[in-house]
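# Chains, contacts and geometry: an overview
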Amino acid sequence: MGSLRATSTQAGLIGLNDEASTAEDLTERESSTQRVELCHIAELRESRAQGFDPFREGQASLFVVKKDTSLYAYRDRCPHYGTTPLPWKKNEYLDKAGDVIVCAAHGARFDITTGICISGPCLGQSLSAIALHVRRDGQLVADVHT
Ligand code: FES
């Protein structure tokens with residue numbers, strides 16, 4: 001993956017060389033939080049998003065965006081209507097240029113790095129960020145609150 005680096009500055013944001021976790025970390029950390037494997041970081045493409053279902057809802061329940069070598073994860077729920085998923089089609093969370101997250105329902109647009117709505121019916125509201133970690137073997141894991 002090269003010499004990419006960043007540090008965690010907010011929930012949902014990691015660097016590709018973020019502090020690795022051990023297998024033991026994947027067990028329950030707190031009574032309501034678990035780390036769940038999503039994929040290997042090599043599977044994620046720049047300026048693209050990918051959905052996963054660690055919350056076991058039967059459809060994508062969170063999505064990960066790779067932008068400028070950093071990874072961001074958010075719950076797949078639009079703050080305009082609490083449980084509305086964002087994409088119009090599987091893994092289509094971003095605009096054509098890959099610059100912003102878009103909700104297909106009513107066109108809300110969200111900043112990739114913060115999850116804050118920058119235009120649309122929920123202006124100023126935010127997507128729910130999900131904390132991510134990269135293990136030494138390159139597996140991406142998410143903190144899932146159950
Ligand atoms: S449900 Fe997302 S903009 Fe309305």
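Residues numbered from 1 in each chain as written. Predicted model: local features only at pLDDT ≥ 70, side-chain atom pairs only at ≥ 80, totals over all residues.

### A word on the sheet that holds strand β6 (residues 100-102)
As a reminder, the rule being used: Strands are labelled as partners when DSSP assigns at least two bridges between them. Each helix is a run of DSSP H or I of at least 4 residues and each strand a run of E of at least 2, with the numbering of both proceeding from the N terminus. Each axis is a line fitted through C-alpha atoms, taken for helices only over the stretch in contact, and angles between the N-to-C directions span 0 to 180 degrees.
Strand order in the open sheet made by the three strands is β6-β7-β8, with antiparallel pairing throughout. Looking at which strands have only one partner, the edges of the open sheet turn out to be β6 and β8 (117-119). The mean angle between the axes of side-by-side strands here comes to 40°, regardless of whether they run parallel or antiparallel. The sheet contact formed by β6 and strand β7 (residues 109-111) spans three bridges and is antiparallel. Its bridge partner being in β7, Val100 is matched across the sheet by Asp111.

### Concerning the nonpolar core
Quick note on the threshold: Throughout this description, the term nonpolar core refers to a group of buried Ala, Val, Leu, Ile, Met, Phe, Trp, Tyr and Cys residues whose C-beta atoms join them within 7 Å. Exposure classes come from backbone-placed C-beta atoms, where a residue is buried if 20 or more other C-beta atoms lie within 10 Å of its own, exposed if 12 or fewer do, and partly exposed in between. Contact between two residues is assigned whenever their backbone-derived C-beta positions fall within 7 Å.
Core analysis: the biggest nonpolar cluster contains 30 residues, and Phe63, Val65, Ala73 and Ile101 have the highest contact counts within it. Elements with a minimum of two residues in this core: β4 (62-67), β5 (70-75), β6, β9 (132-134) and β10 (139-145). Setting aside residues no more than four positions away along its own chain, Val65 makes contact with Ala49, Tyr72, Tyr93, Leu94, Ile101 and Ile112.

### Comments concerning the confidence of the model for the protein chain
Stated precisely, the cut-off is as follows: Confidence of the predictor in every single residue is expressed as pLDDT, which spans 0 to 100.
When pLDDT is averaged along the protein chain, the result is 84; 79% of the residues meet or exceed 70. In this model, residues 1-13 is a region of pLDDT below 50 whose contacts with residues beyond four sequence positions or in other chains number 28 contacts.

### Describing unusual backbone geometry
Peptide bonds are trans in most cases, and residues, glycine excluded, mostly fall at negative phi. Here the phi dihedral of Thr69 falls at roughly 70°; this positive angle occurs in a residue that is not glycine. Note that Thr69 resides in the loop between β4 and β5. Even without being glycine, Asn91 reaches a positive phi, approximately 65°. Relative to the helices and strands, Asn91 resides in the loop between β5 and β6.

### Examining the sheet that holds β10
The three strands lie next to each other as β2-β10-β9, forming an open sheet whose pairing is antiparallel. One side of each edge strand has no neighbouring strand; the edge strands of this open sheet are β2 (33-40) and β9. Each strand of the sheet is rotated relative to its neighbour by a mean of 30°, with strand direction disregarded. In terms of strand pairing, β2 meets β10 through seven bridges, oriented antiparallel. Within β10, the position partnered with Arg35 by the bridge is Asp143.

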